[in-house]
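Secondary and tertiary structure notes
This is what each chain is made of:
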Amino acid sequence: MGMKKHVMGLVDRQLGQSRALQRAALNTTGLGEPPPEPGPVITISRQLGSGSRQVAQRLVERLGWSLWDKDLVDAIAKDADVDRWIVETFDEKTISEIDVLARTLTGQYEFGGFMYGQHLAKVLLAVARHGYAIILGRGANFLLTGALNIRLVASEEVRITNLMDYGELSREEALDRIRQTDKERADFIRKVYLKDIEDPLAYDVVITVDNFGIEGAVEIILTAYQAKYEKKEKKEE
């Protein structure tokens, strides 16, 4: 019960920080008044190097919503009552049962019984109940199917260039990081959700950032948000 309060407290703090910005943003985005609670959620599935964090940050500035990325790690750690580093070990990666057993046998007892997927689902549902949230990654679209679910992709060349520029990596290091991360995220989605991360039907909109840039992607998402939630409101009338 105490852990649940910790998680909800973190959600409440994020939500509180976004409310004032939300009211100001609604006056400038042309999106009108928000729908009744539970509020809307935008999930962003992304390829490494596609500019997703820039897109998410611009959406935060435009909408005034809370952004959930690394904060999800903190919330999961609190919900599971484990150290943050344990959650980071699992975060968007897959660890086999054999690996968990091996770690436990070598004295890392914290891994035994830790169920990342279960705690992730609890936190995502808590965030969604509050609404007005942008969630980066973690396969949130496969759980929150009623959200506006976006996937951002980019060509390999653009992704390599972005990692070289922002991650200060060599071309070879950037390419290795891209291939490793793509595999880890695909395996993670397959294991946690039993889904294919590349399935286009799992998303409302798939955006190739090469063709639109960061600002263009933001505008597309805002337009999709307006269309989806206006349509939802009309159905409820």
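The model shown is predicted, which means the values in this text are computed figures rather than measured ones.

Here is what the cut-offs are and how they apply
- Residues numbered from 1 in each chain as written.
- Predicted model: local features only at pLDDT ≥ 70, side-chain atom pairs only at ≥ 80, totals over all residues.
- Heavy atoms only, no water.
- Helix = DSSP H or I, 4+ residues; strand = E, 2+ residues; numbered from the N terminus.
- Areas by Shrake-Rupley, 256 points an atom, 1.4 Å probe, with all protein chains shown as cover.
- Core = buried A, V, L, I, M, F, W, Y, C linked by side-chain atoms within 4.5 Å.
- Buried < 20%, exposed > 50% of the residue type's maximum accessible area, 1.4 Å probe, protein only.
- Pairing = 2+ DSSP bridges.
- Axes fitted to C-alpha atoms, helices over the stretch in contact; angles between N-to-C directions.
- Left-handed = near helix turned anticlockwise from the far one by under 90°.
- Contact = heavy atoms within 4.5 Å.
- Nonpolar A, V, L, I, M, F, W, Y, C, P; charged D, E, K, R; others polar.
- Expected span 1.5 Å × (residues − 1).
- Salt bridge = Lys/Arg side-chain N within 4 Å of Asp/Glu carboxyl O.
- Phe/Tyr/Trp six-rings, centres within 6.5 Å; stacked < 30°, edge-to-face > 60°.
- Arc of directions from axis to C-beta.
- pLDDT = per-residue confidence, 0-100.

Thoughts on the overall build of the protein
Of regular secondary structure, the protein possesses 10 helices and five strands. Surface summary for the protein: the accessible area is close to 12,200 Å², and the carbon and sulfur share equals 54%.

Structural notes on the nonpolar core
Ile42, Ile44 and Ile150 are the most contacted members of the largest nonpolar core, which totals 24 residues. Broken down by element, this core gets its largest block of residues, eight residues, from helix α10 (residues 209-236). Counting 23 residues, the second largest nonpolar core, distinct from the first, contains Leu72, Ile76, Val123 and Ile197.

Some points on the sheet that holds strand β4 (residues 148-153)
In space, the five strands of this open sheet follow the order β2-β3-β1-β4-β5, with parallel pairing throughout. One side of each edge strand has no neighbouring strand; the edge strands of this open sheet are β2 (66-68) and β5 (205-208). Direction aside, neighbouring strands of the sheet carry axes that sit 20° apart on average. In this sheet, β5 lies alongside β4 in parallel orientation, the contact comprising four bridges. Its bridge partner being in β5, Val153 is matched across the sheet by Thr208.

Comments concerning the packing of helix α8 (residues 156-166) against helix α9 (residues 171-193)
Helix packing for two helices is described by the angle between their axes and how far apart those axes are. Axis separation between α8 and α9 bottoms out at 9 Å; the angle between their running directions is 115°. As for how α8 packs across α9, the hand of that crossing is right-handed. Listed contacts from α9 to Glu156, Glu157, Arg159, Ile160, Leu163 and Met164 of α8 are Arg171, Ala174, Leu175, Arg177, Ile178, Arg179 and Asp182. Looking at side-chain class alone, the contact of α8 with α9 contains six nonpolar, no polar and seven charged residues.

A few points about α9
The periodicity of an α-helix, 3.6 residues per turn, causes residues three or four places apart in sequence to face the same way. With 23 residues, α9 should reach 33 Å at 1.5 Å per residue; the first-to-last C-alpha distance of 32 Å fits that figure. Burial in α9 covers these residues: Ala174, Leu175, Ile178, Thr181, Arg185, Ala186, Phe188, Ile189 and Tyr193. Two residues or fewer past α9, Leu194 is found with a positive phi of approximately 60°.

A short note on the pattern of salt bridges
Using the criterion set out here, one finds 11 salt bridges in the structure. With a shortest N-O distance of 2.8 Å, Arg62 and Glu219 are connected by a salt bridge. Here Arg62 is found in helix α2 (residues 52-63), whereas its partner Glu219 is found in helix α10, with 157 residues between them in sequence. Here Lys228 ties to Asp204 by a salt bridge, and the two come within 3.0 Å at their closest N and O atoms. A residue pair is termed long-range when its members are at least 10 positions apart, and Lys228 in helix α10 and Asp204 in the loop between α9 and β5 qualify at 24 residues. Lys228 sits in the partly exposed class, given a relative accessible area of 22%.

Regarding the packing of aromatic side chains
Evaluation of the coordinates by the stated rule reveals five aromatic pairs. Relative to Tyr225, the ring of Trp65 has its centre 5.5 Å away and its plane inclined at 75°; by these criteria the two rings are edge-to-face. You can see Trp65 sitting in the loop between α2 and β2 and its partner Tyr225 sitting in helix α10, a full 160 residues away along the chain. As far as burial versus exposure is concerned, Trp65 and Tyr225 are alike and both buried. On the basis of an interplanar angle of 45° and a centroid distance of 5.1 Å, the ring pair of Tyr225 and Tyr229 is categorised as tilted. Of this pair, Tyr225 and Tyr229 both sit in helix α10, four residues apart, which is roughly one turn of that helix. Tyr229 matches Tyr225 in its accessibility class, with the two residues each being buried. The rings of Trp65, Tyr132, Tyr225 and Tyr229 are connected pair by pair, giving a single aromatic cluster.

Focus: α2
Between its first and last C-alpha, α2 extends 16 Å over 12 residues, near the 16 Å set by a 1.5 Å rise per residue. Every buried residue belonging to α2 is among Ser52, Val55, Ala56, Leu59, Val60 and Leu63, and all of these are buried. Relative to the axis of α2, the buried residues are bounded by an arc of 140° and lie together on one face.

Quick notes on the confidence of the model for the protein
Predicted confidence across the protein gives a mean pLDDT of 78, with 66% of residues reaching 70 or more. The spread of mean pLDDT over the elements of the protein runs between helix α5 (residues 97-105), the lowest at 45, and β4, the highest at 98. A low-confidence stretch, residues 24-37 stays under pLDDT 50, and its non-local contacts, those more than four residues away or across chains, total 25 contacts.

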